[in-house]
Amino acid sequence: SKRHHQRRWEGKRDIRKLVSNLPYEGLEKMKQPNRHFPGNAIKTTKYTLLFFIPMNLFEQFHRLANIYFLGLAILNFVPVVNAFQPEVALIPICVILALTALKDGWEDFRRYQSDRKLNNTPCFIYCRKEQQFVERRWKDVRVGDFVKVICNEIIPADLLLLHTSDPNGVCHIETANLDGETNLKQRRVVPGLSTSTSEFEPESFNGVVVCERPNNNLNHFKCYVEKPDNVKVGIGIESLLLRGCTVRNTDHTVGFVVYAGHETKSMLNNNGPRYKRSKLERKLNTDVIFCIILLFAMCLVGALGHFSWLQELPSVPPYLVPDSHGHLDSPALSGFYMFFTMIILLQVLIPISLYVSIELVKIGQVFFITNDIDLYDEESDTPMQCRALNITEDLGQIQYIFSDKTGTLTENKMVFRRCTVMGTEYPHCENGKRPWPPQSRWTPDTEDADPAGTPHYHGSRHRGKVAESAQRDVAFSSPLETEVVPDRKLLQQIRRTESSSSSSSSGKTDPYLDFFLALAICNTVVVSTATVRRQRVSAPICPLETSNPFETFSHLVRKVGSFRQTISSWRPMSNRSRTSSNCSVLEEDHFNSLAKTGNCGGRKSTGPQTQDTSPSLRYEAESPDEAALVHAAKAYGFTLLARTPGSVTVRLPCGEELVFEVLDTLAFDSHRKRMSVLVRHPVTSELVLYTKGADYAIMELLGTPYQKRIAADTQRHLDCYAKEGLRTLCFTKKVLSERAYKDWSVSRQGALAAIDNREKLIMDTAGLLETNLTLLGNTRVRATGIEDRLQESVPDTIVALREAGIQVWVLTGDKPETAVNIGYACRLLDEGDLVINMNYVLQLMCVSILDCTLEEVRRYGNDPTGLAPTISLVIDGRTLAMALESDLVDRFVDLARRCRSVLCCRVTPLQKSAVVKVIREKLKVMTLAVGDGANDVNMIQAADVGIGISGQEGMQAVMASDFAISRFKHLKKLLLVHGHWCYTRLANMIIYFFYKNVAYVNLLFWYQFFCGFSGTAMIDYWLMIFFNLFFTSAPPIMFGIMDKDVSAETLLGLPELYRTGQGTGEYKFSTFWTAMLDAFYQSLVCFFIPYWVYEDSDIDVFTFGTPLNTVSLFTILLHLSIEIKTWTVVHWVIMLGSVAVYFIVTLAYSAICVTCNPPSNPYWILQSQMADPMFYLTCIITTVLALLPRYPQYSFSFAYKNKNSPPETDFEQGTILEKVWL
Amino acid sequence: MKEQQETANRPDNTAFTQQRLPAWQPMLSAGIVIPGFVIIGLAFIGIGIALFVTSQNIQVLERDYTGVENNSPCFKCSDPSTKNCVCKLDFSLDKLFEGPVFFYYGLSNYFQNYRKYGVSRDDRQLSGRLDNFQSPDEGCVPYQYDANNKPIVPCGSVANSLFNDTFKLYQIVNGARKLVPFDGKGIAWWTDHNVKYRNPSITPLKNAFNGTVKPTFWSKPAYELDPSDPANNGFVNQDFLVWMRRAALPDFRKLYRRITEGDYKNGLPAGNYSLEIAYNYPVLDFDGRKKVVFSNVSWMGGKNQFLGIAYLVIGSLCVVMSIVMLIVYAKFKFPDEE
């Protein structure tokens, strides 16, 4: 009880205390200290075999539509109101429930299979009895266990890294399974716990691990280990091995399980596909409400009609059926009951099947989008991915695009181009002049591209697109981007200082050397060697995709294609195939010779071993500019050889190797916009802090006035670089005294061990150190060849999007100068534009300028001559912050609305999303955000449609997005063609669906006027169900998937056509009501023509219903065939097939069913009708009359569309004619 | 192998996946639509004329015998208190009423399509199942059991309300009445008579009805509906079958007999006739009317002017529309016509 109490208290504090399981091994469960924490077995299935049906039903009845159905079915069991046989009324709900249950069950079974596979994956757990690690399964892992993970194995649970085979206590992991990033990340052992001996002894672990409660943040982990002597060691994410990651380049590692199973960070991140509701669907719901109102009105008419009909009767006629006591209800009560009967009878008016159909249509649309070969990037072998399945039509309604710059508009392949040191500029002319080879495909690591397709072998086909893109090679080690031709002047300068300083050690602090040392040291680049084979084991880790219906669909579609590959992948996997036997044998690490030669704090002369490996050094950086800087340093002879958490090894141009002891690394964050590395210089033993960051972030921190003067020179150069569109970075250095470091170190440790408020404390301590810096110089890095820094076809795309009526905004973290330059390059800005530059520090100034500008712009807007220049706005992040405040935001939005293009510079990720939100909410427009990096995630999530570019900067943007493309230019086809198609297809299909239901149901309604409003259906109930289920369901779905109102070529050639979808587009209020009126007209024709034909004859109820049913089938299908703009084989098959199915099914049903569905007797009715020529004559004239108003209208609109097929011809005539005709 | 790996994710470049299937765009240009309309219009006019002429050739003789009006011969019978009333309806034909003549009775304002009325029957009982003789279906309430709790066969409201007026037609030849023979065979649907409705296979039929009672409204039990023909009794009685096939609309006629035999094979010759009506069925409760109809039929069934006129109207409309379109097109000069 005390323990329980303590646990509750811990729960309040949001922390957990964990101890080793080993002392308790073999005891019963109640005595286990960690028994409260879940095991490592995962269960992602929703249902169990036994309770599948009740649980699934419970789940399904959360949907409103199903409740509606159920309500109707129940209503049918009330004897006074039922319209059909009660059992029959259960059919629709049962069909829908059964279909959904089948789908859910199948998905759940797949989840079950993948869970079982994961849970039974082997792993090594330490066993006290056997004094060694023994092979167990993943599901046996418990919190508090010690787990050993061998190279290239997947980590089974979240582990606190206690030991690695690496003498520096480093372990490399690949997180591709988690976030898709393929670069290696370093993790290091918890300091001070593991002894340096080669074997780790878990039994000696006697600390208490105190950690925060499980959360889904992959980049933060707060924990400390309390040793028996009460010393607390703070631990962050850098010592946590996450479940699902793969251990690389490290022979084996041992970790302590902190979180297991569902509490691991990867499982907590596994939320399944995103659900967004599209604009069209929201509008659709209002129309459903109209339908409900219509239904109620019709039911009311029925109820009142029944009431007055009963009132008029002079006495009781023989056809009125009293109840069992021979008593008749009063007319008022009967009318009241009739209201509900009518609801049952006319229920189809609410198009429940529409929702199912929309889902099917979207699956089809997604299939076509993802299979578009134009959206496929050959270079990276990535097709387009649709991550959100239900907002395809939103792509056709976009009004504002918010784009990131780096990596989205540009290639984001960084190359060091120019630098300035101590106020002197080194232009690196050779770099600029050098003709760049055309983009060629490169595969630096041929071993890596395993032709046998290891992923196939592991069955990762259904792992989804993330894994597929993860198969790509490491991004930043292309030979193309790494080649930097050194500037001659700078090279001479270095040689001079080198030679002059070779005698005196003081020369080591020369600014030039320092500059290059900073380039090489101040980063988080991991060095790996090409000799190390990186096997990619991509077992399915997250069953994310199983709940994604499209995935399975496309899987099926592709199955045939992948069959051949599967066959070939069944070759013997030789020594690379991982079997549990060779895993248990710990092999000596032959690869990591580099890391072994490194020795903390020591100094080592060049050995032959390192000499050999250095040409094949590979740098794996988290961002491409880091890699570019390291490559630049290497070009000048400062080669980064190795990086461990404790040291950095750099080879100087003279061949000497320096090993710097790394005391601390202050990681980059978007608030500070800089990172620092604190090292001890091996020669001078000085404590040196190298800081790298955005120029404006650094300039503020500079120390002495002398520095400020150099800074002014440098700033001039920087501005000049920025105008060329180069990205600028500054490097600074600071020498610390031992005492200052000691003081700082204490507070730093305190901050690291803190659980509460840790991020802020860490940031504060970082800020504490990063003051009074010395400017070393700055470099700028920029990518891609001389011809253009932009991605291919970016200007064309932007121009086309703009012609399509879309406003394009660029939001970037770069300086205004850089942004404006890119803006001109990508034709976002034109030479003739009036560019308003807003960059103010004072709020007051901002207000007045905003007012003035707005006044001016409004005047331009009213200019009748139309000669007013287009206006563009460039706004700085600081000004933007002011403009977004509540009192200014309206004016800002008004100004921005009138500008043709807007460029926001130096904005933070949060500001990006704030801008998107403000525009979206204030202007009520459809927004699209496109970006590639982690800093775009907020923006992508804030917009109606988020698009991620699977490019250079990891996969966070893609993971957060609704659609993922690989190049910006794909946006053009995605929006202009697929967006337009998806929107028009879906909008037309929805309208058609409403029309279809109303047209059909109204037949029943008109009949009520001739049956005393008694709720009689003249069509057999089964045939009514079949009508919606089989006879008329496939054509509209096909229409929604495959119709092409305008060809892709025309859409791309005439971006203006996109405007039809913006705003309300085709799916207008009027469109809906036109369709409704048409439905009313057609149903009137379909009812009254047969009525007059058969008036005063001996026709019986169901014989009368048969021509009605047939006529409405023809009318509904032919109505659709007018709407269909292009007919392919599929169209013909489905349309003719539907008619055939109608006749075959109805004939068969009429022949078989003698007394199966009393009281309706369809027996031999269609057969007898089909023997009667009147039936055909009635059908022909009714169908023609029903469609008569449509044909001429469409023939005119077709005429004008045909006329349009050469896109140059003008629209005007057609528009005029349409007006005349309508 | 390598190539394959590099483009493993490449979408299939087929006409279907790339949405490039060979497509046909319906060119509803003026050149097609206008002639199309003309052709449809002319065809419709042709059909319309044929229908109209056919319909015109059909002879129909209708007589109301409800007896609401004072001068009606059945006036005295319309009083519900009179029982077993017989009235005579006289009419004369100027010329031969071509045969075969169909003789219908008609009811108006009678809602056989009333929902609860339609449900009130037991199809299993009517297909001859003896189980349902003893315990009729719930749907038959309140015509399921009688006051003594005996099952009613046939149960339900439809059967109960069986039309029970009977007719005899006499030709007045030289003052003498000559009975016109009625053919009562095959007036119901063949499938109703042979498949759907079945008598229990018990002979004599009467025994199958042991322990049951006739519907309250009926004057004689089901097995005695037609004393003249033992095969025309029970549930396969033609009149019963015709009645059980519920009319779709409140004003309807039902086939009673055909005149196909003897002297009247070629129709009813000109002359005076007298129809003797056993007036039993009450219709004043619902403002209904009763009538008899003599009609001959063509390939298009009974007389119906509507369809012919509709074809004519719509055919002309199509022609007119094509002219209007021609004018509009000509005025705006579409390029594809140049």
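An unreviewed UniProt entry lists chain A under the name Phospholipid-transporting ATPase, with Myripristis murdjan given as the organism. The record in UniProt for chain A states the following under Cofactor (unreviewed entry): "Mg(2+)".

Visitor: I'd like to hear about the overall build of chain B, residue by residue, with values.
Guide: Looking only at helices and strands, chain B features 10 helices and 10 strands. Principal-axis analysis of the C-alpha atoms gives chain B an extent of 90 × 65 × 40 Å. Counting every position in chain B, which comprises 338 residues, the buried fraction comes to 49%. Accessible surface for chain B amounts to roughly 15500 Å². Of this, 56% is attributable to carbon and sulfur atoms. In chain B, which carries 36 positive and 32 negative side-chain charges, the distance between the mean positions of the two groups comes to 3 Å.

Visitor: Would you mind going over the packing of helix α3 (residues 64-77) of chain A against helix α4 (residues 86-119) of chain A in detail, with residue names and values included?
Guide: Residue and element names in this part refer to chain A. α4 packs onto α3 with a crossing angle of 165 degrees between their chain directions and a minimal axis gap of 8 Å. Compared by their axis directions, α3 and α4 come out roughly antiparallel. As for how α3 packs across α4, the hand of that crossing is left-handed. Between α3 and α4, the residues in contact are Asn66, Phe69, Leu70, Ala73, Asn76 and Phe77 and Pro86, Glu87, Ala89, Leu90, Pro92, Ile93, Ile96 and Leu97, respectively. Among the residues making up the contact of α3 with α4, the classes are represented as 11 nonpolar, two polar and one charged.

Visitor: Explain the state of the cysteines to me, and be specific about the residues and the numbers.
Guide: Applying the stated criterion to the full structure yields three disulfides over all chains. In this model cysteine 74 of chain B forms its disulfide with cysteine 87 of chain B; the gap between the sulfur atoms is 1.9 Å. Torsion about the S-S bond of the cysteine 74 of chain B and cysteine 87 of chain B cystine: about 75 degrees, corresponding to right-handed handedness. Of this pair, cysteine 74 of chain B sits in the loop between β1 (60-64) and β2 (85-93) while cysteine 87 of chain B sits in strand β2; the two residues are 13 residues apart in sequence, bridging distant segments of the chain. Listing the disulfide partners of chain B by sequence rank of the bonded cysteines yields 1-4, 2-3, 5-6. The thiol of cysteine 826 of chain A is not disulfide-bonded; the next cysteine sulfur, from cysteine 905 of chain A, is found 12 Å away.

Visitor: Outline the packing of aromatic side chains, listing residues and values.
Guide: For the coordinates displayed, the defined rule picks out 92 aromatic pairs over all chains. Between the aromatic rings of tyrosine 319 of chain A and tyrosine 110 of chain B, the centroid separation amounts to 5.0 Å while the plane-to-plane angle is 70 degrees, which identifies the pairing as edge-to-face. With one member in each of two chains, tyrosine 319 of chain A in the loop between α7 (279-312) and α8 (331-345) and tyrosine 110 of chain B in the loop between β4 (101-108) and α3 (115-119) form a pair that bridges those chains. Summarising the burial analysis for this pair, tyrosine 319 of chain A and tyrosine 110 of chain B share the class buried. Ring centres of phenylalanine 1026 of chain A and tyrosine 1149 of chain A lie 6.2 Å apart, and the angle between their planes is 80 degrees; on these two criteria the pair is classed as edge-to-face. Of the two residues, phenylalanine 1026 of chain A sits in helix α34 (residues 1021-1031) while tyrosine 1149 of chain A sits in helix α39 (residues 1129-1152), which places them 123 residues apart along the sequence. The residues phenylalanine 1026 of chain A and tyrosine 1149 of chain A share a single accessibility class, namely buried. One cation-aromatic arrangement involves arginine 245 of chain B over tryptophan 189 of chain B; the distance from NZ or CZ to the ring centre is 3.7 Å.

Visitor: Any details on the interface of chain B and chain A? Residues and values, ideally.
Guide: Listed by partner, the interface residues are 90 residues for chain B and 111 residues for chain A. Considering only the surface of chain B that becomes buried against chain A, Asn9, Gln19 and Arg115 of chain B emerge as the three largest contributors, covering 10% of it. Our count for the chain B to chain A interface comes out at four salt bridges. Close ionic contact of aspartate 1096 of chain A with arginine 253 of chain B constitutes a salt bridge, the shortest N to O distance being 3.9 Å.

Visitor: Describe in detail the nonpolar core, supporting the description with residues and values.
Guide: Ranked by size, the top nonpolar core spans 129 residues in total, and within it Ile990, Phe994, Met1018, Phe1087 and Phe1104 of chain A carry the most contacts. Per-element accounting of this core gives the leading share, 19 residues, to helix α33 (residues 970-1008) of chain A. Isoleucine 990 of chain A has contacts with Leu280, Leu284, Leu354, Ile358 and Tyr1067 of chain A, leaving out every residue within four places of it along the chain. The next biggest cluster of nonpolar side chains, apart from the first, holds 69 residues, and it includes Leu320 of chain A together with Ala159, Phe252 and Val283 of chain B.

Visitor: Describe the domain arrangement of chain A, naming the residues involved and giving the relevant values.
Guide: Bring the parts together and some accessible area is lost; that lost area is often taken as the interface size. All names here are of chain A. Taken domain by domain, chain A consists of domain 1 (1-23 + 34-40 + 141-269), domain 2 (42-117), domain 3 (373-412 + 790-976) and domain 4 (414-431 + 483-494 + 511-529 + 617-787). Each partner contributes to the interface: domain 1 provides 18 residues, whereas domain 4 provides 14 residues. Applying the counting rule to domain 1 against domain 4 returns zero salt bridges. At the boundary of domain 1 and domain 4, one finds one residue pair in polar contact (both at pLDDT 80 or more). Elements supplying a minimum of two residues to the side of domain 1 that touches domain 4: β6 (170-174), β7 (184-188), β9 (223-226) and β10 (232-235). Counting residues per element, the side of domain 1 that touches domain 4 draws most heavily on β7, which supplies three residues. Considering only residue class, the side of domain 1 that touches domain 4 consists of seven nonpolar, nine polar and two charged.

Thresholds, definitions, all that
- Residues numbered from 1 in each chain as written.
- Chains lettered and ligands numbered in written order.
- Predicted model: local features only at pLDDT ≥ 70, side-chain atom pairs only at ≥ 80, totals over all residues.
- Heavy atoms only, no water.
- UniProt positions renumbered as here; feature names shortened; annotations may be inferred.
- Helix = DSSP H or I, 4+ residues; strand = E, 2+ residues; numbered from the N terminus.
- Buried < 20%, exposed > 50% of the residue type's maximum accessible area, 1.4 Å probe, protein only.
- Areas by Shrake-Rupley, 256 points an atom, 1.4 Å probe, with all protein chains shown as cover.
- Lys, Arg positive; Asp, Glu negative; His and termini not counted.
- Charge placed at Lys NZ, Arg CZ, Asp CG, Glu CD.
- Axes fitted to C-alpha atoms, helices over the stretch in contact; angles between N-to-C directions.
- Parallel < 35°, antiparallel > 145°, perpendicular 65-115°, else oblique.
- Left-handed = near helix turned anticlockwise from the far one by under 90°.
- Contact = heavy atoms within 4.5 Å.
- Nonpolar A, V, L, I, M, F, W, Y, C, P; charged D, E, K, R; others polar.
- Disulfide = S-S within 2.5 Å.
- Phe/Tyr/Trp six-rings, centres within 6.5 Å; stacked < 30°, edge-to-face > 60°.
- Lys NZ or Arg CZ within 6 Å of the ring centre and 35° of its normal.
- Buried area = accessible area lost by both parts, 1.4 Å probe.
- Salt bridge = Lys/Arg side-chain N within 4 Å of Asp/Glu carboxyl O.
- Core = buried A, V, L, I, M, F, W, Y, C linked by side-chain atoms within 4.5 Å.
- Domains from an automatic or database assignment.
- Polar contact = N/O pair within 3.5 Å; in protein donor to acceptor, adjacent residues only side chain to side chain.

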